[in-house]
Each structure stands twice: as structure tokens, then as C-alpha cells.
Amino acid sequence: MAVTGWCPDWASGATFLPPLFDGRNITSKGNSNLAQINDKAVNAKIDEIAQMTDVEQANAAYGELDKQIMELAPVVPLAYEKLILVNGANIAGAYQSNSYSGGIDLVSVGLAKPTK
């Protein structure tokens, strides 16, 4: 048992469901599948979704897979964290990004008036 956290690299189930719940990712060291779940139906669904080319269809399928996994109860979600950020008056290009769990993508940030 472990208390840990995970956030998606981008807004897709592909960034967390396969690493955390695909049984083929179980290794003796450096294991991201901390629950050690190795369910054939889950593994097969992961493969099926990975072949989908329609993003909306894949997102819906990941949502259903998430429900399927939670019925097996391999993990207990304890918290859902969100960020509240305040930008200065001279900041431009700052926006909250779903890709960073609501955080700011710093690549887009700059000064509105660089001489100020």
C-alpha cells in the first residue's frame, strides 16, 4: 500500500490509465502500476482504446474504462487538487491549462510591456 499522486501530462486518459493500471507494466522495480492490478479485460480495453483515431471516441472510452477499473477498487482516490493562481498586471499569455492540471503553461508567459 502506498500514498502517492499522479497528474496527467496532457488531457487524455492515455497519460494515466495505462501506466497505472495496465498489468503488463508491472515490474520488480520502478513500477508505475502500484496497485499491481493485472486484469485481462482492463489490459484488452487499453489496447482497444489505443487503436482509436477519433479523440472524442477515445476520451469517452477512457471514461468508461475508468469506471470499470474503479469497480475493481485497486486504488482509493483521496484528493482532487486544483490550483488558484493570480497573475501580475504586466503578465501576458498566462492561461490555466487542462494539460497542467489547471496550472499555467509557462511557455506562453511573457511581459505585456517588456520595458515596464
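Quantities reported herein were computed from a predicted structural model and do not represent experimental measurements. (Residues numbered from 1 in each chain as written. Predicted model: local features only at pLDDT ≥ 70, side-chain atom pairs only at ≥ 80, totals over all residues. Heavy atoms only, no water.)

Undergrad: Help me out: how do you make sense of the overall build of the chain in this one?
TA: In terms of helices and strands, the chain carries three helices and two strands. Listed by position from the N terminus, the elements making up the chain come as α-α-α-β-β. Taken over the C-alpha atoms alone, the chain extends approximately 60 × 35 × 25 Å along its principal axes. For the chain, the proportion of its 116 residues judged to be buried stands at 23%. By sequence separation, contacts in the chain at least 24 residues apart represent 30% of the contacts at least 6 residues apart. Taking the 8 positively charged and 12 negatively charged side chains of the chain as two groups, their mean positions are separated by 8 Å. (Helix = DSSP H or I, 4+ residues; strand = E, 2+ residues; numbered from the N terminus. Buried < 20%, exposed > 50% of the residue type's maximum accessible area, 1.4 Å probe, protein only. Contact = heavy atoms within 4.5 Å. Lys, Arg positive; Asp, Glu negative; His and termini not counted. Charge placed at Lys NZ, Arg CZ, Asp CG, Glu CD.)

Undergrad: Please clarify how a nonpolar patch on the surface should be interpreted in this entry.
TA: A cluster of nonpolar side chains, namely I91, L106, V109 and L111, defines an oily patch on the protein surface of about 350 Å² accessible area. When you line up the elements, L106 lands in the loop between β1 (91-92) and β2 (110-111). Note on L106: relative accessible area 65%, which makes it exposed. (Patch = residues over 30% accessible without salt bridge, like charges linked within 9 Å, V, L, I, M, F, W, Y side chains within 5 Å. Areas by Shrake-Rupley, 256 points an atom, 1.4 Å probe, with all protein chains shown as cover. Salt bridge = Lys/Arg side-chain N within 4 Å of Asp/Glu carboxyl O.)

Undergrad: Hey, could you run me through the pattern of salt bridges in this one?
TA: Side-chain pairing between opposite charges can occur once the charged atoms of the two side chains come close. What the rule picks out here adds up to four salt bridges. For D22, the salt bridge is made with R24, and the minimal N-O distance between the two is 2.8 Å. A relative accessible area of 7% means that D22 is categorised as buried. Among the ionic pairs, R24 bridges to D47, the shortest N-O distance being 2.7 Å. Of this pair, R24 sits in the loop between α1 (17-21) and α2 (40-50) while D47 sits in helix α2; the two residues are 23 residues apart in sequence, bridging distant segments of the chain. With relative accessibility at 37%, the residue D47 sits in the partly exposed group. One salt-bridge network, held together by shared partners, links D22, R24 and D47.

Undergrad: Can you help me understand α2 in this one?
TA: Along an α-helix, residues three or four apart share an orientation, since each turn contains 3.6 residues. Of all the residues in α2, the buried ones are V42, N43, I46 and I49. For α2, the angular spread of buried residues about the axis comes to 130°, placing them on one side. Taken together, the buried residues of α2 touch α1 and α3 (55-72). (Arc of directions from axis to C-beta.)

Undergrad: I'm lost on the side chain of S12 in this one. Help?
TA: Residue placement: S12 occurs in the segment before α1. Filtering out sequence-adjacent residues up to four positions away, S12 remains in contact with N59 and Y62.

Undergrad: Looking at this model, I keep getting lost on the confidence of the model for the chain. Mind explaining?
TA: Detail in the predicted coordinates should be disregarded across regions flagged by low pLDDT. Looking at the chain, pLDDT values average 87 and 92% of them are 70 or higher. α2 holds the highest mean pLDDT among the elements of the chain, 98, whereas β2 holds the lowest, 92. (pLDDT = per-residue confidence, 0-100.)

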